[in-house]
Amino acid sequence: IVYRDDMVDFWFLEAGAFAGKSVAKLFVPRFENTAPAMENGKQRRTLGTGWLLTDQLVMTNHHVVHFRKRGEAPATNADLLLQGKNTIVKFDYNTAEDDGEDVEVEKLEAWDEELDFAILRLKNAVTRTPLRIEKRKVVFSEGIYVPVNIIQHPSGHPKRVALRNNLLTDADDKTIRYFTDTLTGSSGSPVFSDEWRVIGLHCGSTDVSGVSFQGRSTAVVNVGTQITAILDHLDVHAKALRQEIPV
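Summarised in this report is the structure supplied together with it. (Residues numbered from 1 in each chain as written. Predicted model: local features only at pLDDT ≥ 70, side-chain atom pairs only at ≥ 80, totals over all residues. Heavy atoms only, no water.)

**Thoughts on the environment of Phe-27**
How we decide: Segments assigned H or I by DSSP are reported as helices when at least four residues long, segments assigned E as strands when at least two residues long, and all are numbered from the N terminus. Residues are treated as being in contact if the distance between any of their heavy atoms lies within 4.5 Å.
Tracing the backbone through its elements, the reader meets Phe-27 in strand S1 (residues 23-29). Separated by 83 residues in the primary sequence, Phe-27 and Ala-110 have C-alpha atoms spaced 18 Å apart. Excluding residues within four positions of it along the chain, Phe-27 makes contact with Arg-45, Thr-46, Leu-47, Asn-86, Thr-87, Ile-88 and Lys-90.

**Here we look at the nonpolar core**
Heads up, the rule is: Nine residue types can take part in a nonpolar core, namely buried Ala, Val, Leu, Ile, Met, Phe, Trp, Tyr and Cys, and a core is a set of them joined through side-chain atoms within 4.5 Å. Exposure classes here rest on a 1.4 Å probe applied to the protein chains alone. A residue is buried below 20% of its type maximum, exposed above 50%, and partly exposed in between.
Trp-51, Leu-53, Met-59, Phe-117, Ile-119 and Leu-234 are the most contacted members of the largest nonpolar core, which has 26 residues in total. Those elements that place two or more of their residues in this core are helix H1 (11-20), strand S7 (57-60), strand S10 (117-122), strand S17 (197-213) and helix H4 (227-237). Among residues more than four places away in sequence, those in contact with Phe-117 are Met-59, Thr-60, Asn-61, His-62, Ala-110, Trp-111, Asp-112, Leu-201, Ile-230, His-233 and Leu-234.

**Quick look at the layout of surface pockets**
Keep this limit in mind: Every definition here rests on a 1 Å grid over the protein atoms only: cavities are sets of points where a 1.4 Å probe fits but cannot get out, pockets are open sets enclosed by protein on both sides within 12 Å along at least five of seven lines, and lining residues have some atom within 4 Å of a point. Grid points are joined across faces, edges and corners, and a volume is the space filled by probe spheres set on the points.
Each pocket or cavity is described by its volume, and for the largest pocket that value is around 1200 Å³. Lining the largest pocket are 46 residues, with His-63, Ser-187, Cys-203, Gly-204 and Ser-205 positioned closest to its centre. At the level of secondary structure, the elements contributing two or more residues to the lining of the largest pocket comprise strand S6 (45-52), helix H2 (62-66), S17 and strand S18 (216-226). Among the elements that line the lining of the largest pocket, the one with the most residues is S18, at six residues.

**Details of the packing of aromatic side chains**
To describe a pair of aromatic rings, one takes the distance between the centres and the angle between the planes. Applied cut-off: Pairing of aromatic rings covers Phe, Tyr and Trp, the last counted by its six-membered ring, and requires centre-to-centre distances within 6.5 Å; plane angles under 30 degrees mean stacked, over 60 mean edge-to-face, and any other angle means tilted.
All chains considered together, the criterion is met by two aromatic pairs. Here the aromatic rings of Phe-12 and Trp-196 are separated by 5.1 Å at their centres, their planes lie at 40°, and the arrangement is tilted. Taken together, the residues span a long stretch of sequence, with Phe-12 in helix H1 and Trp-196 in the loop between strand S16 (190-192) and S17 at a distance of 184 residues. Given a relative accessible area of 3%, Phe-12 falls into the buried group. Looking at Trp-196, the relative accessible area reads 5%, which means it is buried. Ring geometry for Phe-192 against Trp-196: centres 5.0 Å apart, planes inclined by 65°, an arrangement best described as edge-to-face. Take Phe-192 and Trp-196: they sit in the same class, and that class is buried.

Given below as structure tokens:
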């Protein structure tokens, strides 16, 4: 054993593959003043990642559905709702040769800009198993070893997975910070524990100083929202929706 035992039980691979069936690529169209925003004859779209909370609810980031760049005026509520409603959720896009399964959204059900989450309701329930949610808040302390795993669609590419060489580096009541490989398009991905329970919602990265990883200094770490913070928010602001989520 080199330093620590990093072996995992064989079921880890099978369980990860099963969880991946409920992770999807998102296509979010842009609306401006309730009209499609066009470019070169096509409606503008952004890409992201989402995953199943239930057989009919999909979790992603608010900033993915909001689809506005820094410095732009924020989307109106009307445009935000239209962008959510017209999002396409593509499951099973695992290789470049896969057509995948496109599922339509009925409406944008809930969102919060600060916690950077959005929940989409599909028009029809899917025959896929929702991801398991970790009930306990992630707690970090110096010297602990907590690997995380992310299933994602980086840059809109076929589904990829970042496994275990991604350590938790910080956590508070609302956020977690961790090292992993992600790209634009990974936003909205589930952050898993080694038990393949969702502990966080991947949001992006942030600049840091005085942080090292694998013996080298790093200027960037990933940031996600604690899944427990999202559930607590729903308990207060969307009780009926919260009751649909079996946690």
